[in-house]
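Residues per chain, in single letters:
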Amino acid sequence: MRQVNVGVIGTGWCGGIRAVAAASHPLVRELHIAEVNPERLMEMTELTVPASATDDWEKLLAIAEIDILMISATPETTHYPMTKAALEAGKHVLLEKPIALSLDEADDLIEAAESRDLKFTIAYSQRFNPKQAMVKRSVRAGELGDPVNVLVSRHIQRSLGAKIGNRIKLSPGAMEATHDIDFAFWCLEPRRPVRVYSQSAWGVRKDSVGLEDVQTTMITMDDGVVVTVGAGMSLPPGYPNAATTWIEFIGTDGAIFIDDTHRDIVVNTVDKGVQFPLSTMPGELVDHTFAGPMERETTHFIEAVAYDRPVMVEPRLARLTMETYLAADLSAEINAPVELPLTPEMAQRAHAASVRG
Ligand SMILES: NC(=O)c1ccc[n+]([C@@H]2O[C@H](COP(=O)([O-])OP(=O)(O)OC[C@H]3O[C@@H](n4cnc5c(N)ncnc54)[C@H](O)[C@@H]3O)[C@@H](O)[C@H]2O)c1
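Definitions and cut-offs
Residues numbered from 1 in each chain as written. Predicted model: local features only at pLDDT ≥ 70, side-chain atom pairs only at ≥ 80, totals over all residues. Near = placed C-beta within 6 Å. Helix = DSSP H or I, 4+ residues; strand = E, 2+ residues; numbered from the N terminus. Nonpolar A, V, L, I, M, F, W, Y, C, P; charged D, E, K, R; others polar. Axes fitted to C-alpha atoms, helices over the stretch in contact; angles between N-to-C directions. Parallel < 35°, antiparallel > 145°, perpendicular 65-115°, else oblique. Left-handed = near helix turned anticlockwise from the far one by under 90°. Contact = placed C-beta atoms within 7 Å. Domains from an automatic or database assignment.

Looking at the site of the ligand
- Around the ligand sit 24 residues in total, of which Gly10, Gly12, Trp13, Cys14 and Glu96 are the nearest.
- It is helix H1 (residues 13-23) that contributes the most residues to the shell around the ligand, three residues altogether.
- The residue makeup of the shell around the ligand, split by class, is 10 nonpolar, nine polar and five charged.

Right, here's the structure in full:
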């Protein structure tokens, strides 16, 4: 068995899951972690007993034995410089979405990985949600006939929306619908998007973080299939605790409806009242097991490097997803459809509409 050494940069929520998953995987010889929050660094050191723990992520670049770096730091402005440095240091990289903040940065990272023959993937963890994987399998097997229409509606709780909005000013499309655009494009490969129309609506987040509450995006594919993705970030506390999703995938010979609304577990205690656990997108650790897709995504990438297998998310598709949500942000700003692929001039306008600080 070929073991690998793994480093995780930023061991917060997602990086914490990745470090725990890597620490117990038989293909991992050594785990190294970098985290700037001293309490979290101590907590994760106790939990995962890594070979090294540091508050300086660049120290991991200098450890020649590290094969893989998982980059889970925030804010999202860290993604490009950390990934570029990791690839230049010869590490295989799993990077949390978004791939970058501009298409030029994304292109630069893809080139850096391809020119060095390194594995590089973007963590669209919902591909490891078995319900979504089943849609992909059905489409690939032709069970649904020709795809006609895809609809995904996802809402997250406002505390999570505030956590994201307080660290970076990116739209619900860029930070949330991105998962569902990736899902639709993955299922619909090799179709390409040709047109995007998007509208945003303001609500409680306007005063708190200066961002829209909801964004609805309609994407037309090159054969006429229509994808509609709704992303909301301001559900009140209570149900569904973290995230709720509804999916419809319609074909000429069949349809799939997915209820991922997390109404299947209700805990009611005198102390805390009604709670809906196990409703986060990455998935919670429950003693010896995880309730969501991020653990399996982490171990899949470790296996891809150890056994030289393909990664789940090709960075070029993540780049297409990014181009699409940038176009959606521009569409919402100008109140008109935007054609894809973006011309260099439209890409600049879309970037300005999307990255607001
Ligand atoms: N796939 C999913 O389901 C999913 C879910 C949530 C978040 N995400 C993505 O994952 C990324 C991480 O999100 P999160 O919620 O885990 O964030 P988080 O804020 O909980 O964790 C980020 C961690 O990075 C640390 N950090 C910041 N700068 C650092 C540096 N220079 N060196 C080392 N550590 C540093 C922070 O202290 C923090 O602990 C985001 O970019 C987000 O878009 C993906």
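Resuming the write-up.
Considerations on the packing of H1 against helix H2 (residues 38-48)
- The interhelical angle for the contact between H1 and H2, taken along N-to-C directions, is 20°, at an axis separation of 10 Å. Classified by the angle their axes make, H1 and H2 are roughly parallel. Taken as a pair, H1 and H2 cross one another with a handedness that is right-handed. Here H1 contributes Gly16, Ala19, Val20 and Ala23 to the contact with H2, which in turn contributes Met44, Leu47 and Thr48.
- For the contact of H1 with H2, the class distribution of residues is five nonpolar, two polar and no charged.

Notes on the domain arrangement of the chain
- Partitioning the chain into structural domains gives domain 1 (4-123 + 302-313) and domain 2 (127-281 + 317-339).
- Computed from C-alpha atoms alone, the centre-to-centre distance between domain 1 and domain 2 is 26 Å.
- Taken together, the contact between domain 1 and domain 2 spans 12 residues of the former and 11 residues of the latter.
- Examining the composition of the side of domain 1 that touches domain 2, we find that three residues originate from one element, helix H5 (residues 103-115), more than from any other.
- Looking at the side of domain 1 that touches domain 2 residue by residue, the class counts come to nine nonpolar, one polar and two charged.

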